[in-house]
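If you want the building blocks of each chain, they are given just below.
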Amino acid sequence: MVLREVSKIDVNYVKKLYKEAFPIRERMPFSRPDSDPLFGKQIIRNGDPCAFAITCTGSKSVLLMYLAVDGNKRGQGLGSKIIPALCETFPRRNLLLEIEKPDENKPMTVRRKEFYLRCGLRETGTEISLAGVPMEILIKGDGEFDK
């Protein structure tokens, strides 16, 4: 698996996957620099694109804003390989992640949190609201979380 910067050639693939993977209320417009796919990483496996990640990098932490695995390639263990690859890409930084607060009436939110916990992220005890959506922040790394 290779993580590489998204090139102009990849933009249509990333946009399509982005629209399929995230509800409209959680998307940022591509015209904003902090959500432009050119600032993201495309994940390649066996020469084929299979996922993308958009991050915002700080001096001590990296915020994983978006992570999506191609729908045709889900269930193959890619997600659990991407998290460590991202951590290796940003050494000596914590990986932060905002997830929709788990709700038993929305099983995907529960499964998503379970997935990230299996990948080594842990709870910070911090909850926020983004565009009216209750979210919680998870962290992976040795550092402490500073609100």
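Small disclaimer: the values here were computed from a predicted structure and weren't measured.

Conventions and cut-offs
- Residues numbered from 1 in each chain as written.
- Predicted model: local features only at pLDDT ≥ 70, side-chain atom pairs only at ≥ 80, totals over all residues.
- Heavy atoms only, no water.
- Phe/Tyr/Trp six-rings, centres within 6.5 Å; stacked < 30°, edge-to-face > 60°.
- Helix = DSSP H or I, 4+ residues; strand = E, 2+ residues; numbered from the N terminus.
- Buried < 20%, exposed > 50% of the residue type's maximum accessible area, 1.4 Å probe, protein only.

A. Main features of the packing of aromatic side chains. One pass over the structure, following the stated rule, counts 5 aromatic pairs. Their ring planes at 80° and their centres at 5.0 Å tell us that Tyr18 and Tyr66 sit as a pair that is edge-to-face. Highlighted residues: Tyr18 in helix H1 (residues 11-21) and Tyr66 in strand S4 (residues 61-69), separated in sequence by 48 residues. Judged by relative accessible area, Tyr18 falls into the buried class, the value being 2%. Where Phe22 meets Tyr66, the ring centres are 4.8 Å apart and the plane angle is 75°; that geometry is what we call edge-to-face. Within this pair, whereas Phe22 is found in the loop between H1 and strand S2 (40-45), its partner Tyr66 is found in strand S4, the two being separated by 44 residues in sequence. The exposure class of Phe22 is buried, given its relative accessible area of 12%. Members of the aromatic cluster, joined through ring pairs, are Tyr18, Phe22, Phe52 and Tyr66.

B. Highlighting the environment of Ala131. In this structure, Ala131 sits in the loop between strand S6 (122-130) and strand S7 (133-140). According to the relative accessible area criterion, Ala131 is exposed, its value standing at 66%. The spatial distance from the C-alpha of Ala131 to the C-alpha of Glu26 is 7.4 Å, given a sequence separation of 105 residues.

So, to be careful, I would describe these as geometric facts and stop short of saying anything about function.
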